[in-house]
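Take a look at the letters that make up each chain.
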Amino acid sequence: MCGIVGFIGPRDAAPYLIEGLRRLEYRGYDSAGIATLEDGELRITKAAGRLDNLVQLLAESPSPGHTGIGHTRWATHGPANDVNAHPHLGRGNAVAVVHNGVIENFRNLKSRLEAEGCQFRSATDTEVIAHLVATCLDEQLSLASAKLDESDGEDGWIEPEYRPLVAAVQQAVAQLQGTYGLAVVFRDYPEVIIAARLGSPLVVGVGDDAHIIASDASPLAGHTEQIVYLADHQIALVTADSLRVIDRDQGRIQHQVNVLDLPPDAASLDGFPHYMLKEIFEQPETIRNAMRGRLSLDEATAVFGGLNLTPQQLRSVNRILLTACGTSWHAALVGEYIIEEIAQIPVEVEYASELRYRNPPLESNTLLFAITQSGETADTLAALREMKRKGHPTLAICNVVGSSIAQAADGGIYLHAGPEIGVASTKAFTSQCTVMAMLALYFGRMRNVGFEAGLKIIENLQKLPELVTRALETNDVCRQLAGKYCHCTNFLYLGRQFNFPTALEGALKLKEISYIHAEGYPAAEMKHGPIALVDEHTPTVIIIPQGAVYDKVMSNLEEIKARGGPVIAIVCEGDTRVADVADDVIEVPHIDDFLQPILSIIPLQLLAYHIAVLRGCDVDKPRNLAKSVTVE
Ligand code: G6P
């Protein structure tokens with residue numbers, strides 16, 4: 001969703017802001033803008049639509065200044081137009097603000113501020129913050145004694161001239177209900193940016209002579225390897241050569257500087273036409289990275305360094321609750337099948353958006369895993385916090401290091417899949433499924449899985465990268481089939497057991513990026529409704545690998561053919577029986593049932609990709625979608 005970037009240093013800010021906003025484009029947005037400061041002038045440029053519109057405006061009328069903030073907006077309050085784009089100015093044009101998140105009490109605040117004489121220009125909730133900060137700043141400046149608290153003031157930690165600015169932001173955010181990651185610049189203080197967060201991520205990159213503020217680490221890559229992750233209720237006072245962090249409750253805090261492990265070319269396309277295709281082809285490597293150093297042949301188990309729970313605590317778990325959204329929820333469903341099968345622990349999967357407001361009866365030894373690529377999904381974060389509040393241990397399975405969910409969980413497992421930029425998640429899904437299988441092994445070896453069986457699971461896991469490479473060879477056939485089927489307007493996706501979630505994920509991929517209606521169903525359940533949709537114009541993609549339910553799914557396939565529906569079957573290499581009946585087959589390698597989803601999903605990702613390309617869709621930035629859904 002929205003993206004924030006800020007730059008302060010000895011060079012012009014605008015090029016850094018535009019480059020940073022480009023790297024944040026993947027989050028999804030519909031307008032963009034920047035504010036820069038020079039010679040007492042606060043200059044704002046903003047434009048609806050793609051970033052190129054803003055770049056065009058800046059080419060005609062540059063925005064000089066060594067301090068600036070920028071934003072890509074994904075509309076929540078008010079349509080996507082120039083006026084509603086950020087940054088927003090506060091009363092007297094003394095401050096400009098960019099903001100991610102949602103201010104729930106903005107209507108009340110707006111009425112009050114309007115009564116006090118503030119004139120609103122936009123329909124956004126953000127403009128309330130700008131007017132609030134400006135109003136609080138007036139107040140703070142008029143209090144000659146304005147300062148943070150005694151200790152901050154006395155040791156000169158914050159220069160006297162900046163204390164009213166910090167105090168104004170503190171006073172303003174204290175009145176906000178909802179979530180915010182925000183950055184503020186002040187017309188009369190061009191050497192300062194103030195950032196604050198509650199529930200919406202912000203990081204600060206520490207350079208040699210400059211600082212970069214951003215809503216995720218991607219704008220920092222290539223500029224600095226030192227990163228500070230702000231936590232909720234923290235406020236950062238940033239100048240070119242200093243960073244000070246204040247906690248709402250604890251006052252001054254010593255922030256931790258971490259090393260950013262993000263290669264400068266992390267966001268390059270590497271010769272691929274789209275990030276989605278690049279990420280699909282990265283999967284042999286990303287799966288290898290998910291397993292690296294985590295499989296012990298000596299103990300025939302998986303090893304995780306960051307769970308932060310003792311083996312005794314984990315052994316006493318008698319129920320696992322998996323919560324997630326979107327594609328990560330599908331990975332959770334795969335996990336349910338694998339963990340129950342291998343480790344024999346009851347598993348439940350809940351949409352995070354449902355779990356956060358539910359009150360399910362949970363045994364005390366229930367362990368929660370939040371599964372999330374971005375680590376920022378608002379519902380997943382809220383569900384994790386709710387379970388934590390109830391006293392359950394909470395772990396995250398997450399890709400983005402230092403993200404909000406990674407910070408909020410008691411511990412967790414990073415995917416190490418590298419940045420996923422295509423909005424439609426691909427490599428994160430297969431890494432999540434791989435981690436699920438390793439977790440099943442880990443819990444299984446604590447309970448019922450013997451040494452030999454553990455080794456066999458490891459052997460299967462280790463085959464994955466090579467078999468995924470082979471599954472990627474289906475690219476050509478997927479492209480051909482895309483040509484044959486891209487004009488259809490409805491698709492059914494069917495799979496059973498471990499591959500029921502694969503069917504859901506295949507359908508989601510297609511609808512997300514090609515806007516074709518697609519429904520995923522358990523293959524046998526088809527008889528209870530979806531079969532009514534079957535006709536010669538509605539293709540069914542059926543996942544039918546060799547395995548326990550092969551014959552059963554075969555019967556479902558026959559039932560569709562009997563009703564004249566075209567069938568594209570995902571089969572194991574060498575399967576001739578299905579080929580005799582289905583219209584088209586795509587062959588993937590065979591592996592034990594529990595890992596088959598990781599191979600079967602590959603052609604479904606490719607099929608969706610090629611269909612979307614042929615239909616002229618913007619594959620990496622599908623309409624209305626956002627990569628990181630930071631609102632409810
Ligand atoms: C959005 C994205 C999906 C993603 C889902 C959950 O809807 O477009 O690709 O699966 O959020 O995101 P998460 O980062 O929590 O896995």
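Located above this text is the structure these notes cover.
Calculation rules
- Residues numbered from 1 in each chain as written.
- Predicted model: local features only at pLDDT ≥ 70, side-chain atom pairs only at ≥ 80, totals over all residues.
- Heavy atoms only, no water.
- Pairing = 2+ DSSP bridges.
- Helix = DSSP H or I, 4+ residues; strand = E, 2+ residues; numbered from the N terminus.
- Axes fitted to C-alpha atoms, helices over the stretch in contact; angles between N-to-C directions.
- Contact = heavy atoms within 4.5 Å.
- Near = heavy atom within 4 Å.
- Polar contact = N/O pair within 3.5 Å; in protein donor to acceptor, adjacent residues only side chain to side chain.
- Areas by Shrake-Rupley, 256 points an atom, 1.4 Å probe, with all protein chains shown as cover.
- Nonpolar A, V, L, I, M, F, W, Y, C, P; charged D, E, K, R; others polar.
- Parallel < 35°, antiparallel > 145°, perpendicular 65-115°, else oblique.
- Left-handed = near helix turned anticlockwise from the far one by under 90°.
- Phe/Tyr/Trp six-rings, centres within 6.5 Å; stacked < 30°, edge-to-face > 60°.
- Buried < 20%, exposed > 50% of the residue type's maximum accessible area, 1.4 Å probe, protein only.
- Disulfide = S-S within 2.5 Å.

S.K.: What should I look at first to understand the sheet that holds strand S26 (residues 567-572) in this one?
M.R.: Either a parallel or an antiparallel arrangement is found when strands of a sheet pair, and the pairing is made through backbone hydrogen bonds. If you trace the five strands from one edge of the open sheet to the other, you get S24-S23-S25-S26-S27, paired in parallel fashion. Taken across any chain shown, the strands that pair with only one partner, and hence form the sheet edges, are strand S24 (517-522) and strand S27 (584-588). Sheet twist, expressed as the average angle between the axes of neighbouring strands with direction ignored, equals 20°. The pairing of strand S25 (residues 540-543) with S26 spans four bridges and is classified as parallel. Residue pairing in the sheet places Val541 in a bridge with Ile568 of S26. Sheet contacts for helix H16 (residues 475-485): strand S23 (490-495), S26 and S27; angle to S27, the most-contacted strand, approximately 155°.

S.K.: I would appreciate a short explanation of the site of the ligand in the present structure.
M.R.: Every one of the 14 residues lining the ligand counts as a neighbour, but Ser328, Thr372, Gln373, Ser374 and Thr377 are closest to it. Between Thr372 and the ligand, the recorded distance is 2.7 Å, taken from a side-chain N or O atom to an oxygen atom. Within the side chain of Ser374, a nitrogen or oxygen atom sits 2.6 Å from an oxygen atom of the ligand. Coverage of the ligand by the protein chains reaches 91% of its 380 Å² of free accessible surface. With three residues, helix H10 (residues 326-343) is the largest single contributor of residues to the shell around the ligand. Counted by class, the shell around the ligand contains four nonpolar, eight polar and two charged residues.

S.K.: Looking at this structure, I do not really get the packing of H10 against helix H14 (residues 427-446). What am I missing?
M.R.: Think of two packed helices as two axes; the pair is described by the angle between the axes and how far apart they sit. In the contact formed by H10 and H14, the axes pass within 8 Å of each other and the chain directions differ by 25°. Looking at the two axes, H10 sits roughly parallel to H14. Handedness of the crossing formed by H10 with H14: right-handed. Here H10 contributes Thr327, Ser328, His330, Ala331, Val334, Gly335, Ile338, Ile339, Ile342 and Ala343 to the contact with H14, which in turn contributes Phe429, Gln432, Cys433, Met436, Ala437, Ala440, Leu441, Phe443 and Gly444. Residue composition of the contact of H10 with H14, by class: 13 nonpolar, six polar and no charged.

S.K.: Sorry, what's going on with the packing of aromatic side chains here?
M.R.: Note on aromatic pairs: each is described by the distance of the centres and the angle between the planes. Scanning all chains against the criterion turns up eight aromatic pairs. Aromatic pair Tyr337 and Phe498: ring centres 5.9 Å apart, planes at 50°, arrangement tilted. With Tyr337 in helix H10 and Phe498 in the loop between S23 and helix H17 (500-514), the pair connects residues that are 161 residues apart, well separated along the chain. A ring pair is formed by Tyr442 and Phe443, whose centres lie 5.6 Å apart and whose planes are at 80°; its orientation type is edge-to-face.

S.K.: Looking at this structure, I do not really get the side chain of Lys278. What am I missing?
M.R.: Within the fold, Lys278 resides in helix H7 (residues 275-281). Engagement of the side chain of Lys278 in a polar contact is seen with the backbone oxygen of Ser268, the distance being 2.7 Å. Beyond its immediate chain neighbours, meaning those up to four positions away, Lys278 contacts Ala266, Ser268, Leu269, Asp270 and Phe272.

S.K.: Sorry, what's going on with the environment of Arg107 here?
M.R.: Residue position: Arg107 is located in helix H3 (residues 106-115). Taking the C-alpha atoms as reference points, Arg107 and Pro522, separated by 415 residues in sequence, lie 45 Å from one another.

S.K.: Sorry, what's going on with the pairing of strand S7 (residues 180-186) here?
M.R.: One face of the sheet, then the other: side chains in a regular strand alternate in exactly this way. Counting buried residues along S7, seven of its seven residues qualify, which places the element largely inside the surrounding structure. The two faces of S7 match: Tyr180, Leu182, Val184 and Phe186 on one face and Gly181, Ala183 and Val185 on the other face are all buried. Bridge count for strand S6 (residues 95-100) against S7 is six bridges, and the pairing is antiparallel. Bridge pairing in S7 places Val98 opposite Ala183. Here seven bridges tie S7 to strand S8 (residues 189-198), and the two strands are oriented antiparallel to one another. Pairing of Gly181 across the sheet is with Arg197, part of S8. In textbook terms, the turn of a hairpin is the stretch between consecutive antiparallel strands, and for S7 and S8 this stretch comprises two residues.

S.K.: I'm lost on the state of the cysteines in this one. Help?
M.R.: Here, the word disulfide means a covalent bond between the sulfur atoms of two cysteines. Inspection of the entire model under this criterion finds zero disulfides. Not part of a disulfide, Cys478 finds its nearest cysteine sulfur in Cys486, a span of 14 Å. Assessed through its relative accessible area of 0%, Cys478 is described here as buried. The closest cysteine sulfur to the non-disulfide-bonded Cys617 is located on Cys486, 10 Å from its own sulfur.

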